[in-house]
Amino acid sequence: MTILKKVYTLVFLRKDNKILLGLKKRGFGVNKWNGFGGKVEPNETILEAAARELKEESCVDVKTSELQNIAHLEFTFEGDPTMMDVRVFSANVFQGEPKETEEMIPKWFELNAIPYNDMWPDDNIWFPLMLSGKLFYGIFNFKGFNTILNYNIQELESMEAFYKIHK
Ligand SMILES: Nc1nc2c([nH]c(=O)n2[C@H]2C[C@H](O)[C@@H](COP(=O)(O)OP(=O)(O)OP(=O)(O)O)O2)c(=O)[nH]1
């Protein structure tokens, strides 16, 4: 089966031992808490897309130089030839206060109170790696949107080295 790849961004803001999540109000992942992100458009870089989606969904501004790439995630769904290629970033320097938008209701969560029951089912597998400052590559194969058929996670030494071999 031909695999079509679509590139997405996902940004997590950090402040005072808290993480900013948003409750998605519509579309893919509706009613789930998540970071902020979306599809990379043809006329922009991945970093530009990450900053744009954060702004659109939470009203917060971030400089692309403050976005740290911390993970690469790939999602496939049984029977769907599209692979979602998700570039995950974190930032602790940003401008403005998060505000509710048409897409998201933002909220700061203590790191020991992450609402995993209302998140994508893979998140409780890789959030602990992210929260302990690890870099990683994860692949998740879903059946429907609630069942993980199989997955693999690899810790990485550096994202640059990973992207040199993983095009
Ligand atoms: N935490 C987490 N995030 C995920 C998973 N799967 C997945 O696509 N995401 C992220 C990647 C993107 O940030 C977001 C999906 O993007 P989107 O469909 O909202 O993109 P968009 O805003 O461009 O779409 P649109 O509604 O404007 O068409 O969800 C997952 O399993 N866990």
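Taking an unreviewed UniProt entry as the reference, the protein is identified by name as Oxidized purine nucleoside triphosphate hydrolase belonging to Pieris macdunnoughi. As stated in UniProt under Subunit (unreviewed entry), the record for the protein gives "Monomer." Under the UniProt heading Cofactor (unreviewed entry), the note attached to the protein is "Mg(2+)".

What follows is about the pattern of salt bridges. Tallied over the entire structure, the rule returns ten salt bridges. Between Arg26 and Glu102 there is a salt bridge; the shortest N-O distance is 3.5 Å. Of this pair, Arg26 sits in the loop between β2 (18-24) and β3 (33-34) while Glu102 is found in the loop between β5 (82-91) and β6 (104-110), placing the two residues 76 residues apart along the sequence. Given a relative accessible area of 42%, Arg26 falls into the partly exposed group. With a closest N to O distance of 2.6 Å, Arg87 and Asp85 form a salt bridge. Grouping residues by exposure puts Arg87 and Asp85 together as buried. Several salt bridges share partner residues, and in doing so they unite Glu44, Arg52, Glu53 and Glu56 into one network.

So, about the confidence of the model for the protein. In this model, the protein carries a mean pLDDT of 97, and residues with pLDDT of at least 70 account for 99%. Here the predicted complex carries an ipTM of 0.95, next to a pTM of 0.97.

Here helix α2 (residues 123-131) has its buried residues at Asp123, Trp126, Phe127, Leu129 and Met130. Looking straight down α2, one finds its buried side chains confined to an arc of 160°; they lie on one side. Those residues of α2 that are buried lie in contact with β1 (4-15), β2, β3, β4 (68-77), β7 (135-143) and β8 (147-156). Gly133 sits one or two positions beyond α2 and adopts a positive phi of about 80°.

Here we take up the UniProt feature "domain: Nudix hydrolase" (unreviewed entry) in the protein. The positions UniProt marks with the feature "domain: Nudix hydrolase" (unreviewed entry) are residues 4-135. End C-alpha atoms of residues 4-135 are separated by 25 Å, and the span's content is 17% helix alongside 37% strand.

Reading the values: rules and limits
Residues numbered from 1 in each chain as written. Predicted model: local features only at pLDDT ≥ 70, side-chain atom pairs only at ≥ 80, totals over all residues. Heavy atoms only, no water. UniProt positions renumbered as here; feature names shortened; annotations may be inferred. Salt bridge = Lys/Arg side-chain N within 4 Å of Asp/Glu carboxyl O. Helix = DSSP H or I, 4+ residues; strand = E, 2+ residues; numbered from the N terminus. Buried < 20%, exposed > 50% of the residue type's maximum accessible area, 1.4 Å probe, protein only. pLDDT = per-residue confidence, 0-100. Arc of directions from axis to C-beta. Contact = heavy atoms within 4.5 Å.

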